[in-house]
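Given next are the chains, with one letter for each unit.
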Amino acid sequence: MTEATDRAPASDRPPTDGGTRLLRTSLLEPPPTRAVPVTGAQPSSDTGRIIVPEPDELPAPTPRVAVRLEEVGKIYPNGKHALMDVDLVVPEGDFVFLVGPSGAGKSTLIKLLVHDEESTSGIIHVAGYDLTHLGRGDIPRLRRQIGIVFQDFRLLPRKTVRENVAFALEVTGTPRRQIRATVDRLLALVGLTAQAEQRPSQLSGGEQQRTAIARAMVHDPKLIIADEPTGNLDPLISWEIIQLLLRINELGTTVLMATHNAEVVTALRKRVVALESGRIVRDEVGGYHRDYA
Ligand code: ADP
């Protein structure tokens with residue numbers, strides 16, 4: 001067995017359904033109905049037959065978790081305590097806003113999740129990976145489970161929309177025909193089929209962000225992290241981008257979005273995690289509450 005299959009967690013092993021996970025959950029079909037595990041089934045001591053308990057006797061199935069942080073702390077080398085005692089659980093399928101004033105620790109938290117920085121203390125699990133015990137080669141596999149969308153889009157200026165989206169698949173050696181099919185599907189999802197051959201400089205800000213979202217989806221990630229995705233966009237276009245992220249979330253991808261966009265956060269009534277001075281000070285469904293700078 002290769003190192004890759006040895007180390008890959010269950011979530012990253014080749015799908016057992018013939019490789020159709022991308023097709024199924026991303027774009028075209030509703031997510032499958034999850035089978036409820038028959039936990040608690042016991043062989044009868046008398047007959048040896050399996051007795052399945054009544055539904056109300058079954059233990060509740062453990063929800064799958066996209067992100068779990070336990071008592072996470074981050075101290076930068078200059079002694080700055082950027083995060084302290086952060087506990088956070090994001091079940092798969094959630095849509096979570098991350099808010100807080102400048103300097104609260106939002107970027108640091110995102111850097112820990114994508115393993116750009118390492119925590120100083122605590123436990124971090126992302127998409128089935130224990131980030132404190134990553135093996136050699138796990139980091140690229142982890143990053144394929146996470147799609148990242150930035151405020152400033154970060155597209156390759158000389159490449160077309162299609163090439164920008166295809167690039168992440170090319171570097172992982174995906175066959176050309178599969179790349180074409182995946183990119184076509186994602187461009188349709190984000191509404192950019194007609195702009196496929198244009199370069200970023202020929203696109204509006206909203207179209208550039210749509211391209212970036214399509215690129216973030218190429219590996220059919222479990223988690224999309226959007227870091228101020230509407231920060232450079234006017235209000236109307238911002239709403240279009242939010243609608244797109246909501247659609248992606250409906251299709252089964254967990255979304256964690258750091259934002260200062262109070263209007264959007266307040267209107268959507270989603271879960272809001274608020275950081276201040278490196279600590280979570282609020283975690284509830286609801287509005288923005290504060291006028292963060
Ligand atoms: P936010 O994204 O909420 O604005 P950050 O995570 O960027 O907050 O920063 C949290 C705190 O950590 C701030 O006080 C910031 O100055 C500090 N900080 C961020 N990055 C570094 C770094 N590389 N070295 C030292 N201090 C840092």
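Scroll up to find the structure this text is about.
A. Expanded view of the overall build of the protein. Across its full length, the protein carries nine helices and twelve strands. In the protein, buried positions account for 34% of the 293 residues.

B. Broad picture of the packing of helix α7 (residues 205-216) against helix α8 (residues 235-250). Packing of α7 against α8 brings their axes to within 10 Å, and their N-to-C directions diverge by 15 degrees. Compared by their axis directions, α7 and α8 come out roughly parallel. Every pair of crossing elements has a handedness; the one defined by α7 and α8 is right-handed. Side by side, α7 and α8 meet where Gly 205, Gly 206, Gln 209, Arg 210 and Ile 213 of the first sit next to Ile 237, Glu 240, Ile 241 and Leu 244 of the second. Of the residues contributing to the contact of α7 with α8, the split by class is four nonpolar, three polar and two charged.

C. A look at the nonpolar core. Leu 98 and Val 126 are the most contacted members of the largest nonpolar core, which totals 65 residues. Among residues more than four places away in sequence, those in contact with Val 126 are Val 67, Leu 113, Leu 131, Leu 142, Ile 146 and Leu 223.

D. Spotlight on unusual backbone geometry. Of note, His 115 is a non-glycine position whose phi angle comes to about 65 degrees, a positive value. In the Ramachandran plot, Ser 277 falls in the positive-phi region, its phi being about 50 degrees despite a non-glycine side chain. Structurally, Ser 277 can be placed in the loop between β11 (271-276) and β12 (279-285). For Ser 277, a count of 14 C-beta atoms within 10 Å puts it in the partly exposed group.

E. Here's a closer look at the site of the ligand. Inspection of the region around the ligand gives Tyr 76, Asn 78, Lys 80, Ala 82, Gly 100, Ser 102, Gly 103, Ala 104, Gly 105, Lys 106, Ser 107 and Thr 108 as its neighbouring residues. No other element matches the three residues that helix α3 (residues 106-113) contributes to the shell around the ligand.

F. Representation of the sheet that holds strand β6 (residues 121-126). Spatial ordering of the open sheet is given by β4-β3-β6-β7, a layout of four strands whose pairing is antiparallel. Whereas interior strands pair on both sides, the edge strands pair on one side only; in this sheet they are β4 (81-91) and β7 (129-130). Pairing geometry for strand β3 (residues 65-75) and β6, over five bridges, is antiparallel. Bridging from a neighbouring strand, Glu 70 pairs with Ile 123 of β6. Lying on the sheet, α3 is in contact with β3, β4 and β6; it crosses β3 at an angle near 120 degrees.

G. View of α3. Counted residue by residue, α3 has six buried out of eight residues, so it is predominantly covered. Within the sequence span of α3, burial applies to Lys 106, Thr 108, Leu 109, Ile 110, Leu 112 and Leu 113.

H. Focus on the sheet that holds strand β8 (residues 146-150). Taken in spatial order, the six strands line up as β8-β9-β10-β5-β11-β12 in an open sheet, and their pairing is mixed. A strand with exactly one partner marks an edge of an open sheet, and here the two such strands are β8 and β12. Mean inter-strand twist for the sheet, computed between neighbouring axes without regard to direction, equals 15 degrees. In the packing of α3 onto the sheet, the strands contacted are β5 (95-99), β9 (223-227), β10 (254-258) and β11, and the crossing angle to β9 comes to about 150 degrees. This element, α8, spans β5, β9 and β10 of the sheet and lies at about 150 degrees to β10.

Definitions and limits used
- For every chain, the first residue of the written sequence is number 1, and numbering continues from 1 onward in sequence order.
- Residues qualify for local features only when their pLDDT is at least 70, as the model is predicted, and side-chain atom pairs are given and counted only at 80 or more; totals for whole chains, interfaces and linings, by contrast, use all residues.
- Numbering goes from the N terminus for both helices and strands, where a helix is a DSSP run of H or I of at least four residues and a strand is a run of E of at least two.
- Put plainly, a residue is buried at 20 or more neighbouring C-beta atoms within 10 Å of its own, exposed at 12 or fewer, and partly exposed in between, counting only other residues' C-beta atoms, which are placed from the backbone.
- Helix axes are fitted only over the stretch in contact, all axes being lines through C-alpha atoms; the angle between N-to-C directions runs from 0 to 180 degrees.
- Here roughly perpendicular refers to angles of 65 to 115 degrees, roughly parallel to angles under 35, roughly antiparallel to angles over 145, and oblique to all remaining angles.
- Handedness of each helix crossing follows the sense of rotation of the near helix against the far helix: counterclockwise by less than a right angle gives left-handed, clockwise gives right-handed.
- The contact rule is simple: place each C-beta atom from the backbone, and if two of them lie within 7 Å, those residues are in contact.
- Note on residue classes: Ala, Val, Leu, Ile, Met, Phe, Trp, Tyr, Cys and Pro are nonpolar, Asp, Glu, Lys and Arg are charged, and everything else, Gly too, is polar.
- Here a nonpolar core is just a set of buried residues of the types Ala, Val, Leu, Ile, Met, Phe, Trp, Tyr and Cys, joined wherever their C-beta atoms sit within 7 Å.
- Using the backbone to place each C-beta atom, any residue with that atom within 6 Å of a molecule or strand is considered near it.
- If DSSP finds at least two bridges between two strands, the strands pair.

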